[in-house]
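Here is what each chain is made of, one letter per residue.
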Amino acid sequence: MSTVSTARTIVRMPATAKRGEVIEIRTLVGHVMETGFRRAAAGGLVPRDIVRNFVCSYNGAEVFRAELHPAIAANPLVSFTVVAAESGSLEFRWSGDNGFAASASASLVVT
Amino acid sequence: MTTRRQFLVAAAGIGLASGARATPESMREAMRQVTGGAPVRQGRVKLDLPVLIDNGNAVALGVTVESPMTPADHVKAIHVFNERNPLPGVISVFLGPRAGRAQLHTRVRLADSQTVTAIAQLSDGSFWSDSVQVTVTLAACAEES
């Protein structure tokens with residue numbers, strides 16, 4: 001499993017699966033998820049800084065996408081499932097406020 | 001120099017900003033934007049959320065929808081809404097038959113005791129939902145850390 005990103009990412013999923021098996025993928029990205037509703041000590045609101053989007057692509061095709069709101073806790077965890085269709089790579093991309101971008105990829109061997 | 005009137009107007013603005021919250025009405029409005037006014041039926045969706053929450057800053061939330069997840073009959077989207085956070089939206093996910101199961105887990109912030117609702121949009125255009133009434137002891141995002 002290789003990881004290319006500007007933030008810490010964790011992807012947990014099996015490395016191998018039987019064809020047609022449904023596998024669970026658990027992802028996490030390090031991010032404060034500043035809501036934009038908190039008040040700073042000096043007064044005024046702390047500006048919003050959140051991860052807005054998460055996309056999982058399986059051999060180039062999008063299989064799962066999420067839109068996050070400030071109600072998602074810090075270090076957003078998103079867990080979902082995919083069907084192990086063929087061997088290949090899964091790409092995970094997060095994007096958000098202030099140009100935030102992170103990505104990770106994992107390979108899956110389907111037998 | 002700030003006149004008394006300017007100060008009062010500014011103070012009222014701050015009051016409004018800090019008082020801005022999602023309400024049951026704004027949650028319904030956010031749901032309407034997703035459903036386009038289509039009827040939402042109870043059932044098929046299971047929203048997993050603890051009923052009693054000590055700390056609203058990170059609450060495990062799970063949604064599962066009963067669906068064969070075939071190209072002809074699958075869940076297209078799952079949306080989660082709340083009543084009393086500053087904004088009604090929590091998360092929206094978009095999936096299809098390649099997901100295999102209509103299942104989602106994440107961690108959310110809950111600012112107060114309230115009702116949380118999950119809505120699933122199926123490929124036949126129908127909407128299904130489930131709601132959980134939660135009690136939150138320590139609210140999320142109320143004070144600076």
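The model shown is predicted, which means the values in this text are computed figures rather than measured ones. (Residues numbered from 1 in each chain as written. Chains lettered and ligands numbered in written order. Predicted model: local features only at pLDDT ≥ 70, side-chain atom pairs only at ≥ 80, totals over all residues.)

Chemist: Is there a simple way to explain the overall build of chain A in this structure?
Modeler: From N to C terminus, chain A includes 0 helices and 8 strands. The order of α-helices and β-strands along chain A, N terminus first, is β-β-β-β-β-β-β-β. With respect to the principal axes defined by its C-alpha atoms, chain A has extents near 60 × 20 × 20 Å. Burial status across chain A gives 32% buried among its 111 residues. Counted over contacts in chain A with a minimum sequence separation of 6, partners at least 24 positions apart contribute 57%. (Helix = DSSP H or I, 4+ residues; strand = E, 2+ residues; numbered from the N terminus. Buried ≥ 20, exposed ≤ 12 C-beta atoms within 10 Å, placed from the backbone. Contact = placed C-beta atoms within 7 Å.)

Chemist: Is there a simple way to explain the overall build of chain B in this structure?
Modeler: Per the secondary structure count, chain B includes 2 helices and 9 strands. Secondary structure elements in chain B, listed N-terminal to C-terminal, are α-α-β-β-β-β-β-β-β-β-β. Within chain B, contacts between residues at least 6 apart in sequence are counted, and of these 69% link residues at least 24 apart.

Chemist: Is there a simple way to explain the nonpolar core in this structure?
Modeler: Within soluble globular proteins, side chains that are nonpolar generally end up buried alongside one another. Ranked by internal contacts, the top residues of the largest apolar core, which has 62 residues, are Ile78(B) and Ala120(B). Beyond its immediate stretch of four places on either side in the chain, Ile78(B) contacts Val63(B), Val65(B), Val93(B), Ala102(B), Leu104(B), Ala118(B) and Ala120(B). (Core = buried A, V, L, I, M, F, W, Y, C linked by C-beta atoms within 7 Å.)

Chemist: What's the story with the interface of chain B and chain A in this structure? I'm lost.
Modeler: It is common to report an interface's size as the accessible area lost on association of the parts. Taken together, the 26 residues of chain B in the interface contact 28 residues of chain A. Within the residue set of the side of chain B that touches chain A, elements represented by two or more residues are strand 6 (89-94) and strand 7 (102-108) of chain B. Taken together, the residues of the side of chain B that touches chain A break down into 12 nonpolar, 9 polar and 5 charged. (Nonpolar A, V, L, I, M, F, W, Y, C, P; charged D, E, K, R; others polar.)

Chemist: Sorry, what's going on with the pairing of strand 6 (residues 77-83) of chain A here?
Modeler: Side-chain direction in a regular strand flips from residue to residue, so the side chains alternate between the two faces of the sheet. Sheet analysis places strand 3 (residues 22-29) of chain A next to strand 6 of chain A, joined by 7 bridges and oriented antiparallel. When the sheet's bridge partners are listed, Ile25(A) is paired in strand 6 of chain A with Phe80(A). Note: strand 6 of chain A against strand 7 of chain B, 2 bridges, orientation antiparallel. Each bridged residue has a counterpart across the sheet, and for Val78(A) the counterpart in strand 7 of chain B is Thr106(B). (Pairing = 2+ DSSP bridges.)

Chemist: Where do I start with helix 2 (residues 24-35) of chain B in this structure?
Modeler: Each turn of an α-helix holds 3.6 residues, which means side chains three or four residues apart point in the same direction. Taking 1.5 Å per residue, 12 residues should reach 16 Å; helix 2 of chain B reaches 16 Å between its end C-alpha atoms and fits that length. Phi for Gly36(B), located one or two positions after helix 2 of chain B, is positive at around 65°. (Expected span 1.5 Å × (residues − 1).)

Chemist: Explain unusual backbone geometry to me, please; I cannot follow it from the model alone.
Modeler: Apart from glycine, the bulk of residues carry a negative phi angle, and the bulk of peptide bonds sit in the trans form. The phi dihedral of Asn98(A) is positive, around 55°, even though this residue is not glycine. Although it is not a glycine, Met69(B) adopts a positive phi angle of roughly 55°. For Met69(B), the location among the structural elements is in the loop between strand 4 (59-65) and strand 5 (75-82). Taking the number of C-beta atoms within 10 Å as the measure of exposure, Met69(B) has 22 and is therefore buried.

Chemist: Can you walk me through the confidence of the model for chain B in this structure?
Modeler: Residues and elements named next belong to chain B. Looking at chain B as a whole, the pLDDT averages 85, with 83% of positions reaching at least 70. A low-confidence stretch, residues 11-18 (pLDDT under 50), is modelled with 0 contacts involving residues beyond four sequence positions or located in other chains. Interface confidence for the predicted complex, given as ipTM, is 0.89, next to a pTM of 0.86. (pLDDT = per-residue confidence, 0-100.)

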